[in-house]
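Secondary and tertiary structure notes
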Amino acid sequence: MDYQIEVNKNQIDVREGESLLTALTRNGIKVPTLCHMNRFSPTGACRLCVVEVEGRKDLVTSCSSQVEKGMKVSTNSQRVLRARKSLVELLLSNHPDDCLYCVRNGHCELQSLAEEMNIKERKYYGEKNTLYPDYSSPSVARDPAKCVLCSRCVRMCEEVQVVTALDFISRGNQTTVNSAFNKGLNVSTCIHCGQCIQVCPTAALIDISHIEKVQTALGSKDKMVVFHLSPSVGASVAAELKMKSRHLAMQRITYALKRCGASRIFNLGFASDVNILEEASILKARLENEDSVFPLVSSCCPAWVRYAEDHHPEILDQLSPVKSPQQIMGTMAKIFCAEKHDLDRENIFSVSVTPCAGNKYESSREENTHKGVSEIDAVLTVRELFQLLRSFGLDLVQMNEDDLDEPYNEASAVAWKHGYSGGKAEAVAEQLFYLTGNDKKEKFKFNPPKNMTGRRETKLTIGGKQLGFAWVSSISEAEHYLQHLKQEGRDDIHYLEVMACLDGCVGGGGQPVSRGFEMSRARKKVCLEMEKSAGKKYARENSAVNDMFKDGRLKPGNELAETWLKPVFTDRSSD
Ligand code: SF4
Ligand code: SF4
Ligand code: FES
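Residues numbered from 1 in each chain as written. Chains lettered and ligands numbered in written order. Predicted model: local features only at pLDDT ≥ 70, side-chain atom pairs only at ≥ 80, totals over all residues.

A separate point is the overall build of the chain. Helix and strand counts for the chain stand at 19 helices and 19 strands. By principal-axis analysis of the C-alpha atoms, the chain measures approximately 75 × 55 × 50 Å. By the burial criterion, 46% of the 575 residues in the chain qualify as buried. In the chain, of all internal contacts separated by at least 6 residues, the share reaching a separation of at least 24 is 74%. (Helix = DSSP H or I, 4+ residues; strand = E, 2+ residues; numbered from the N terminus. Buried ≥ 20, exposed ≤ 12 C-beta atoms within 10 Å, placed from the backbone. Contact = placed C-beta atoms within 7 Å.)

Structure follows, in structure tokens:
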């Protein structure tokens with residue numbers, strides 16, 4: 001620590017150049033905030049974090065002020081408390097009073113602030129702005145009436161995802177956060193990543209809910225309801241509930257979903273294994289063809305694919321021509337269940353449970369429906385999974401365990417790698433290493449990312465060639481990296497993994513809403529633990545995958561490979 005300042009008549013240690021808010025938080029002094037977000041530059045927009053600094057006439061916003069030598073600060077004077085309370089009362093005056101029916105009831109930051117500040121009634125009455133919700137997007141529902149203008153979504157969409165689908169519109173008390181020209185998000189530049197939901201303090205941004213259609217299917221006699229559980233969801237639930245036996249999270253969810261009436265619960269990690277094997281084979285084939293253009297770019301993240309289609313039509317041929325795990329799983333499950341139970345595919349209702357808000361958009365893409373039957377009928381985010389279970393009176397904390405269902409019950413350690421940034425690049429590199437016969441001579445070594453943010457690259461010698469593998473998380477990183485490759489004329493990167501969400505799926509737009517990024521780290525920790533304890537280390541060891549190849553159901557070039565498991569990428573740059 002560099003020096004001390006006085007806070008509430010006590011001395012605290014501070015670092016030169018840090019913000020007052022950072023110093024206060026580190027010293028255990030809580031100051032309410034609304035617009036502040038770690039990793040983002042401060043805006044000073046909400047003024048909730050005000051404190052009194054001796055010698056300053058006006059109250060000071062602690063998130064945008066630096067510590068100074070000799071500073072004397074009061075964080076809880078009467079003046080400070082009154083100012084903060086008035087700010088929250090003003091926000092409440094223009095907010096709907098529908099907490100009882102609100103999806104964020106109980107975990108709304110505005111509600112918590114009102115409770116912390118002992119606000120018991122509406123103080124200011126006036127004419128409220130009439131604002132209309134927007135349900136046009138397949139992933140994100142917006143209710144501007146619940147917006148507190150904190151700008152967190154605007155900064156996320158602009159600074160991290162660089163698409164600026166949301167922005168401030170109008171001025172003064174008419175100001176709202178909206179999509180361009182107040183048209184629906186469906187006709188905006190939105191890529192459906194759901195990161196804005198993650199940062200919104202209220203229910204102004206929430207999931208397009210699929211809960212009702214899942215409940216209806218579960219109650220229908222004509223439908224066989226099949227769930228596909230992503231291993232990342234297991235990691236998320238284990239981290240959220242602080243489960244000691246983390247490896248039981250998937251089994252507990254399975255038991256709970258069966259109590260809801262589900263017929264089959266499959267491991268979506270099976271499809272992650274298929275995806276890795278296919279992608280490594282494609283990379284090998286491209287390396288053997290001297291006309292290939294590199295890098296081969298991952299295509300399992302639907303928000304990234306949408307961004308590439310909108311902004312980089314020139315790289316669509318470089319996107320990996322393998323469907324995402326969700327769509328592979330939906331396809332295989334419908335084919336298998338229809339055959340096994342002699343059902344029409346339309347009688348199978350396929351639900352994926354994922355940490356990805358973009359998967360809702362992906363399932364709605366035209367090419368993922370065949371003759372009117374969708375591969376995936378509903379997508380539940382982790383938030384919605386908790387909600388669905390609550391609606392059936394089920395609590396995962398006190399739940400028995402049940403095994404996932406054959407034949408798609410297994411996932412190798414590689415399926416957990418899909419959950420965090422860099423994991424997939426490593427898995428593809430390892431499988432390529434195996435395919436070229438290297439594993440017989442030497443051990444595979446991959447330099448893992450030192451931390452989870454930003455761009456990472458590594459070089460490996462595989463099949464006698466030096467190959468470059470890179471991975472980025474967030475669209476801003478992807479954009480910078482693509483520009484960097486182009487500007488530097490680099491041809492030494494052969495595989496690029498892109499995840500639209502910060503840190504990968506562990507920070508996905510469908511994860512439980514959490515302020516800050518600590519939960520992503522906790523979820524990644526679970527993924528790493530699960531990898532270590534997984535019975536099968538590599539995708540090629542997955543029995544169901546091997547059976548599928550062995551019985552000839554999946555062969556290069558056959559109908560399943562060409563029609564069902566191949567993605568379609570569309571140039572949307574002129575839309
Ligand atoms: S879903 Fe993603 S791209 Fe769309 S508005 Fe939200 S942050 Fe922006
Ligand atoms: S929509 Fe949510 S995150 Fe965006 S400005 Fe409004 S309250 Fe803040
Ligand atoms: S949190 Fe500091 S001004 Fe909003």
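In the vicinity of ligand 1 there are 14 residues, among which C157, A165, C190, C193 and C196 approach most closely. Of all the secondary-structure elements, those providing two or more residues to the shell around ligand 1 are helix 4 (152-160) and helix 5 (195-199). A per-class count over the shell around ligand 1 returns 10 nonpolar, 4 polar and no charged. (Near = placed C-beta within 6 Å. Nonpolar A, V, L, I, M, F, W, Y, C, P; charged D, E, K, R; others polar.)

The geometry of a pair of packed helices is captured by two quantities: the angle between their axes and the separation between those axes. Interhelical geometry of helix 6 (residues 211-218) versus helix 13 (residues 382-391) gives an angle of 45° and a closest axis separation of 10 Å. As the angle between them shows, helix 6 and helix 13 are arranged oblique. Judged by the sense of rotation from one axis to the other, the crossing of helix 6 with helix 13 is right-handed. For the pair formed by helix 6 and helix 13, the contact residues are I211, V214 and Q215 on the first element and E384, Q387, L388 and S391 on the second. Considering only residue class, the contact of helix 6 with helix 13 consists of 3 nonpolar, 3 polar and 1 charged. (Axes fitted to C-alpha atoms, helices over the stretch in contact; angles between N-to-C directions. Parallel < 35°, antiparallel > 145°, perpendicular 65-115°, else oblique. Left-handed = near helix turned anticlockwise from the far one by under 90°.)

Now for the sheet that holds strand 12 (residues 296-297). With mixed pairing, the 4 strands of this open sheet are ordered in space as 12-19-18-17. The open sheet terminates on both sides in strands that have one partner only, identified here as strand 12 and strand 17 (456-462). Direction of pairing for strand 12 relative to strand 19 (residues 495-499): parallel, over a ladder of 2 bridges. Bridge assignment links V297 to a residue of strand 19, and that residue is L496. (Pairing = 2+ DSSP bridges.)

What follows is about helix 11 (residues 325-341). Taking 1.5 Å of rise per residue, 17 residues should cover 24 Å, and helix 11 covers 23 Å from first to last C-alpha, within 8% of that figure. Burial analysis of helix 11 places 12 of its 17 residues in the buried class, the great majority of the element. On its buried face, helix 11 is in contact with strand 10 (224-229), strand 11 (264-267), helix 9 (269-288), strand 13 (348-354), helix 12 (358-364) and helix 19 (559-564). (Expected span 1.5 Å × (residues − 1).)

Moving on, we get to the pairing of strand 8 (residues 176-179). In this sheet, strand 8 lies alongside strand 7 (residues 166-169) in antiparallel orientation, the contact comprising 4 bridges. Residue pairing in the sheet places L166 in a bridge with S179 of strand 8.

Here we have 4 strands laid out as an open sheet, ordered 11-10-13-16, and parallel in their pairing. Of all strands in the sheet, those with a lone pairing partner are strand 11 and strand 16 (378-381), marking the two edges. Between one strand axis and the next, the sheet turns through 25° on average, direction left out of account. By the bridge criterion, 6 bridges tie strand 10 to strand 13 in an arrangement that is parallel. Bridged to V225 within strand 13 is F349. Sheet contacts for helix 11: strand 10, strand 11 and strand 13; angle to strand 13, the most-contacted strand, approximately 150°.

Below, the discussion takes up helix 13. Of all the residues in helix 13, the buried ones are V382, R383, E384, L385 and L388. Along its buried surface, helix 13 packs onto strand 9 (205-207), helix 6, helix 7 (231-240), strand 13 and strand 16. Where helix 13 terminates, the next one or two residues include G393, which has phi positive at roughly 70°.

Attention shifts here to the nonpolar core. If you look at the biggest cluster of nonpolar residues, it comprises 153 residues, and the most contacted ones within it are C153, C196, F266, F270, W304, V428 and A500. Among the elements that make up this core, the one with the highest residue count is helix 9 (7 residues). Here this core spans two domains, and each of domain 1 (3-76) and domain 2 (92-207) adds at least three residues to it. Those residues within four positions of W304 in sequence are excluded, and the remaining contacts are A478, V498, M499 and A500. (Core = buried A, V, L, I, M, F, W, Y, C linked by C-beta atoms within 7 Å. Domains from an automatic or database assignment.)

As far as domains go, the chain holds domain 1 (3-76) and domain 2 (92-207). One C-alpha centre belongs to domain 1, the other to domain 2, and the line joining them spans 27 Å. Contacts between domain 1 and domain 2 engage 8 residues on the former and 11 residues on the latter. Residues that form the side of domain 1 that touches domain 2 fall into these classes: 7 nonpolar, 1 polar and no charged.

In this fold, K486 is placed in helix 16 (residues 475-487). Under the C-beta neighbour-count criterion, K486 is labelled exposed, with 11 such atoms within 10 Å. Put simply, K486 and T458 are 28 residues apart on the chain and 18 Å apart in space, counted from C-alpha to C-alpha.

Moving on, we come to the environment of C196. Relative to the helices and strands, C196 is located in helix 5. Sequence separation between C196 and L485 is 289 residues; the distance between their C-alpha atoms is 29 Å. Apart from the residues lying within four places of it in its own chain, the contact partners of C196 are V140, C153, M156, C157, L166 and L205.

Time to look at unusual backbone geometry. Across the junction of F294 and P295, the peptide omega takes the value 5°, indicating a cis bond. Positionally, P295 belongs in the loop between helix 9 and strand 12. The residue after E406, namely P407, is reached through a cis peptide bond having omega 5°. Structurally, P407 can be placed in the loop between helix 13 and helix 14 (413-417).

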